[in-house]
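Single-letter residue listing:
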Amino acid sequence: MNERHRVDQESASTKRDVIVLGLRRKILSRELDRGERLRQDQVAEWFNASITPVREALRILEAEGLVTSEAHRGVRVAGVDVDRLKSLFVTRKLTETFAIARATTRISRHELRQAERLLEALDEASADGDSLGRNTRNEEFHFFFYDRCGMPALRDDIAARWRAFPWDLTLDSPERLDQVHAEHQSIVDAVRDVDPDAAARHLGDHITNGFLRLAESTTGHAVSDPFDFDAD
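Residues numbered from 1 in each chain as written. Predicted model: local features only at pLDDT ≥ 70, side-chain atom pairs only at ≥ 80, totals over all residues. Heavy atoms only, no water.

Participant: I tried to follow the overall build of the protein on my own but got confused; where do I start?
Facilitator: Along its length, the protein carries 9 helices and 3 strands. From first element to last, N terminus to C terminus, the protein shows the α and β order α-β-α-α-β-β-α-α-α-α-α-α. What you see for the protein is a C-alpha radius of gyration of 19 Å, in line with the 17 Å of a compact globule of 232 residues. Expressed as lengths along the three principal axes of its C-alpha atoms, the size of the protein is roughly 55 × 45 × 35 Å. Counting only residues that meet the buried cut, the protein has 39% of its 232 residues in that class. (Helix = DSSP H or I, 4+ residues; strand = E, 2+ residues; numbered from the N terminus. Rg over C-alpha atoms; globule rule 2.2 N^0.38 Å. Buried < 20%, exposed > 50% of the residue type's maximum accessible area, 1.4 Å probe, protein only.)

The structure is reproduced here in structure tokens:
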């Protein structure tokens, strides 16, 4: 491979990644609606790119579950499939509770102050009604713990599921925001007490409560907890 060809390939990959991040942000900030069609030429115009990196970016987002493509219908922002949402919830709860339990014994009190600052920033974004900022700070708060679980591959697996989760549809009512703050604080308190079981339990309850509210808002009716074996 000659030098110019290598540079061209790297440039295309960089542009592709910029488009992936940009489209993901547009979806999760609700700038693009669920079900909205994505024309490749329009996306290329948004990011001053050629069609090739746009196609590559859309394939990545389709693998994440954020967009869907159908013959003769093109590419659209994905709707929410409840069965897929349940699967994401189950795998998130299993992997994230395990990760935080491992992280609990690895985090110093000094480090934990960073999690508290992230929680303060999350509360500020919520109070300001900044949905995108809230979701960004929420991810940073959670991954403060997952980054310290001692298993990088597990952390990356969790990150892949986060990218597929419909954060743009999460509820931001004052009642839920107050509940989320209390749940996050319980997680921090359990880690401060170096109690892995409590940290995992509080995180599991937090993930469950968020899923149940999101599923109900999506379907219009209450949804059973998939971890309840007697529910189905």
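Participant: Honestly, the nonpolar core in this entry has me stumped. Any pointers?
Facilitator: For soluble globular proteins, nonpolar side chains are generally found buried alongside one another. Ranked by size, the top nonpolar core spans 57 residues in total, and within it Ile19, Leu23, Leu38, Leu112, Phe145 and Tyr146 carry the most contacts. The greatest single-element share of this core, amounting to 8 residues, is contributed by helix α9 (residues 196-219). Apart from the residues lying within four places of it in its own chain, the contact partners of Tyr146 are Glu96, Ala99, Arg155, Ile158, Trp162 and Leu203. (Core = buried A, V, L, I, M, F, W, Y, C linked by side-chain atoms within 4.5 Å. Contact = heavy atoms within 4.5 Å.)

Participant: Just checking my understanding: could you explain the sheet that holds strand β1 (residues 37-38) for this structure?
Facilitator: For sheets, the rule is that strands pair by backbone hydrogen bonds, running either parallel or antiparallel. On the basis of which strands lie adjacent, the open sheet formed by 3 strands has the order β1-β3-β2 and antiparallel pairing. Single-partner strands in this sheet number two, and they are β1 and β2 (67-70). Judged from the 4 bridges that link them, β2 and strand β3 (residues 74-77) form a sheet pairing that is antiparallel. Bridged to Ser69 within β3 is Val75. The sheet strands contacting helix α3 (residues 51-64) are β1, β2 and β3, and the helix crosses β2 at an angle near 110°. (Pairing = 2+ DSSP bridges. Axes fitted to C-alpha atoms, helices over the stretch in contact; angles between N-to-C directions.)

Participant: How should I be thinking about the side chain of Asn135 in this particular structure?
Facilitator: Secondary-structure assignment places Asn135 in helix α6 (residues 131-146). Those residues in contact with Asn135, other than ones at most four positions away along the chain, are Leu28, Trp167, Asp168 and Thr170.

Participant: Would you take a moment to explain α9 for this structure?
Facilitator: Within an α-helix, residues lying three or four positions from one another point in the same direction, as the helix has 3.6 residues per turn. Between the first and last C-alpha of α9 there are 34 Å, a value that for 24 residues agrees with the 34 Å anticipated at 1.5 Å per step. Where α9 is concerned, the buried positions are Ala198, Ala199, Ala200, Leu203, Gly204, His206, Ile207, Thr208, Phe211, Leu214 and Ala215. (Expected span 1.5 Å × (residues − 1).)

Participant: How do you make sense of empty space enclosed by the protein when you look at a structure like this?
Facilitator: Over the atoms, a rolling probe the size of a water molecule traces out where space has been left empty. By the definition in use, this model includes 1 cavity of 30 Å³ or more. Quantified by volume, the largest cavity comes out at close to 30 Å³. Considering the residues around the largest cavity, the lining is formed by Ile100, Phe141, His142, Phe145, Tyr146, Ile187 and Leu203. For the lining of the largest cavity, the element with the most residues is α6, which contributes 4 residues. (1 Å grid on protein atoms, 1.4 Å probe; cavity = no way out; pocket = protein on both sides within 12 Å on 5 of 7 lines; lining within 4 Å. Points joined across faces, edges and corners; volume = space filled by probe spheres on them.)

Participant: I'm lost on α6 in this one. Help?
Facilitator: In a regular helix each residue adds 1.5 Å, so 16 residues correspond to 22 Å; α6 covers 22 Å between its end C-alpha atoms and thus fits that length. The set of residues buried in α6 consists of Ser131, Gly133, Arg134, Asn135, Asn138, Phe141, His142, Phe143, Phe144, Phe145 and Tyr146. At the N-terminal boundary of α6, the capping side chain belongs to Asp130, with an oxygen 2.9 Å from the backbone nitrogen of Gly133. (Polar contact = N/O pair within 3.5 Å; in protein donor to acceptor, adjacent residues only side chain to side chain.)

Participant: Honestly, the packing of aromatic side chains in this entry has me stumped. Any pointers?
Facilitator: Think of a pair of aromatic rings as described by two things: how far the centres are apart, and how the planes are tilted against each other in angle. Counted by the stated rule, this structure contains 6 aromatic pairs. An angle of 85° between the planes, with centres 5.4 Å apart, marks the rings of Phe141 and Phe145 as edge-to-face. In this pair, Phe141 and Phe145 both sit in helix α6, 4 residues apart, roughly one turn of the helix. Ring centres 5.1 Å apart and planes at 80° place the aromatic pair Phe143 and Tyr146 in the edge-to-face group. Residue Phe143 and its partner Tyr146 are located together in helix α6, separated by 3 residues, close to a single helical turn. Residue Phe143 shares its accessibility class with Tyr146, and that shared class is buried. By way of ring pairs, the aromatic residues Phe89, Phe211 and Phe227 are connected into one cluster. Between the NZ or CZ atom of Lys26 and the centre of the ring of Trp46, over which it lies, the distance is 4.8 Å. Above the face of the Phe227 ring, Lys93 is positioned so that its terminal group lies 4.6 Å from the ring centre. (Phe/Tyr/Trp six-rings, centres within 6.5 Å; stacked < 30°, edge-to-face > 60°. Lys NZ or Arg CZ within 6 Å of the ring centre and 35° of its normal.)

Participant: Please explain the packing of helix α4 (residues 82-104) against α6 as it appears in this structure.
Facilitator: Relative orientation and spacing of two packed helices are given, respectively, by the angle between their axes and the distance between those axes. Relative to each other, α4 and α6 sit at 60°, their axes nearing to 8 Å. Considering the angle they form, α4 stands oblique to α6. Between α4 and α6, the residues in contact are Glu96, Ala99, Ile100 and Ala103 and His142, Phe145 and Tyr146, respectively. Tallied by class, residues from the contact of α4 with α6 come to 5 nonpolar, 1 polar and 1 charged. (Parallel < 35°, antiparallel > 145°, perpendicular 65-115°, else oblique. Nonpolar A, V, L, I, M, F, W, Y, C, P; charged D, E, K, R; others polar.)

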